[in-house]
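One letter stands for each residue in the lines below.
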Amino acid sequence: MNSGIKLIVLSGAGISAESGLKTFRDMGGLWEQYNVTEVASPEAWKNNRELVLRFYNERRKQLLEARPNDGHTGLVTLEKYFDVEIITQNVDDLHERAGSKKVLHLHGELRKARSTADPSLIYPIKGWELKTGDTCEKGSQLRPHVVWFGEPVPAVKKAVQIVSTAEILVIIGTSLNVYPAAGLIHYASPGAEIFLIDPNPVNMPGNREITIIQKGAGEGVKQLIKILTGKGKKV
Ligand code: APR
């Protein structure tokens, strides 16, 4: 039985870096290799569907070979002490594969496809490939179940509600460049303790007091566990 203290995590691509998945804005990141507007936007899907399908197929293939790292599993360990909920910007399923029970995907899920005719029709993608001609039960082409630039983020309302319950907020592996995700920190109550785990400096919106653990996810989460369980918190 954990303490019931609400620990909310906001994660980004950096937590999956040590699993071998590329981030977006680091050196060698995805946005260095691809032009966002050509692979992750409704216009790209209209003008160059095959390139969009290939972009996500390649990432899905890599994901199937990747494994959760100590960052993901450390967050599962924290479930022994706290009521943990994860809000992730990542479309990978490494949090779930590590064993995290409550995961909200703000930007969709790489291993799912969605009908282009009816967005409520969502299907698991078996294997790594989604092709032209893969259709929903209504016969319409399936697309990646991912939020593209310029599209709404339906899960943000739920995410705001979850962040507002945080007694501890842990931000890990995100450059906080993309809204509305980056704005979630403003919904943490004034009494919430905020931690940031990132090997690089991150410019944080607002001026909240933050404990910075300037480490990679694996080492950083281990240090966080020591801080939170060693500091006499009622855990
Ligand atoms: N451990 C923890 N953090 C790391 C590690 C690591 N090993 N390696 C890099 N990082 C940090 C980087 O320092 C950076 O702050 O991860 C962050 C990655 O930032 P981005 O590449 O911008 O990824 P993210 O913040 O998740 O992007 C948000 O932008 O392109 C969209 O939809 C896409 O969900 C994505 C969103």
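Residues numbered from 1 in each chain as written. Predicted model: local features only at pLDDT ≥ 70, side-chain atom pairs only at ≥ 80, totals over all residues. Heavy atoms only, no water.

Colleague: Tell me about the site of the ligand, residues and numbers included.
Modeller: In the neighbourhood of the ligand, 22 residues make up the surrounding shell, with Arg25, Thr174, Ser175, Asp198 and Asn200 lying closest. At 2.7 Å, a side-chain N or O of Arg25 approaches an oxygen atom of the ligand. Residue Ser175 places a side-chain N or O atom 2.6 Å away from an oxygen atom belonging to the ligand. Taken by itself the ligand offers 730 Å² of open surface, and the protein chains cover 92% of this. (Near = heavy atom within 4 Å. Polar contact = N/O pair within 3.5 Å; in protein donor to acceptor, adjacent residues only side chain to side chain. Areas by Shrake-Rupley, 256 points an atom, 1.4 Å probe, with all protein chains shown as cover.)

Colleague: Can you lay out the sheet that holds strand S3 (residues 103–105) for me, pointing to particular residues and giving the numbers?
Modeller: The strand order across the open sheet built from six strands is S3-S2-S1-S7-S8-S9, with neighbouring strands paired in parallel fashion. At either margin of the open sheet sits one strand with a lone partner, and together these are S3 and strand S9 (210–213). Sheet twist, expressed as the mean angle between neighbouring strand axes with direction ignored, is 20 degrees. Taken strand by strand, helix H7 (residues 156–163) contacts strand S1 (6–11), strand S2 (83–88) and S3, and its axis lies near 145 degrees from that of S2. (Pairing = 2+ DSSP bridges. Helix = DSSP H or I, 4+ residues; strand = E, 2+ residues; numbered from the N terminus. Axes fitted to C-alpha atoms, helices over the stretch in contact; angles between N-to-C directions. Contact = heavy atoms within 4.5 Å.)

Colleague: A description of the packing of helix H5 (residues 70–77) against helix H8 (residues 217–230) should follow, citing residues and the corresponding values.
Modeller: Their axes nearest at 7 Å, the elements H5 and H8 cross at an angle of 20 degrees. Put simply, H5 runs roughly parallel to H8. Two packed elements cross with a definite hand, and for H5 against H8 that hand is left-handed. Between H5 and H8, the residues in contact are Asp70, Gly71, Gly74, Leu75 and Thr77 and Ala217, Gly218, Val221, Lys222 and Ile225, respectively. (Parallel < 35°, antiparallel > 145°, perpendicular 65-115°, else oblique. Left-handed = near helix turned anticlockwise from the far one by under 90°.)

Colleague: Could you give an account of the pattern of salt bridges, with specific residues and numbers?
Modeller: Under the counting rule described, the total for this entry stands at 12 salt bridges. Between Asp83 and Lys6 there is a salt bridge, with its nearest N and O atoms 3.4 Å apart. You can see Asp83 sitting in strand S2 and its partner Lys6 sitting in strand S1, a full 77 residues away along the chain. When its relative accessible area of 15% is taken as the criterion, Lys6 is described as buried. For Lys101, the salt bridge goes to Glu79, with nearest N and O atoms at 3.8 Å. Here Lys101, found in the loop between helix H6 (94–98) and S3, pairs with Glu79, found in the loop between H5 and S2; they are 22 residues apart in sequence, far enough to count as distant. Where salt bridges share partners, they join Lys6, Asp83, Glu85 and Lys102 into one cluster. (Salt bridge = Lys/Arg side-chain N within 4 Å of Asp/Glu carboxyl O. Buried < 20%, exposed > 50% of the residue type's maximum accessible area, 1.4 Å probe, protein only.)

Colleague: Kindly report on the pairing of strand S7 (residues 168–172), identifying the contributing residues and their values.
Modeller: In terms of burial, S7 is a largely internal element, five of the five residues being buried. By the alternation rule, side chains of S7 split into Ile168, Val170 and Ile172 and Leu169 and Ile171, which are all buried. When S1 meets S7, the two strands line up parallel, connected through five bridges. Within the sheet, the bridge partner assigned to Val9 lies in S7 and is Val170. Sheet analysis places S7 next to strand S8 (residues 193–197), joined by five bridges and oriented parallel. Paired with Leu169 across the strands is Ile194, a residue of S8.

Colleague: Could you give me a rundown of the nonpolar core, with the residues and numbers involved?
Modeller: Membership of the largest hydrophobic core comes to 26 residues, with the highest contact counts inside it found for Trp31, Val39, Phe55, Tyr56 and Trp148. Looking at this core, the elements with two or more residues in it are helix H1 (30–33), helix H3 (42–47), helix H4 (49–65), strand S4 (108–115) and strand S6 (142–146). Excluding anything up to four places from it in sequence, Val39 contacts Trp31, Tyr34, Ala44, Leu51, Val52, Phe55, Tyr56 and Trp148. One finds Ile8, Leu169, Ala188 and Met204 within the second-largest nonpolar core, a separate group that totals 24 residues. (Core = buried A, V, L, I, M, F, W, Y, C linked by side-chain atoms within 4.5 Å.)

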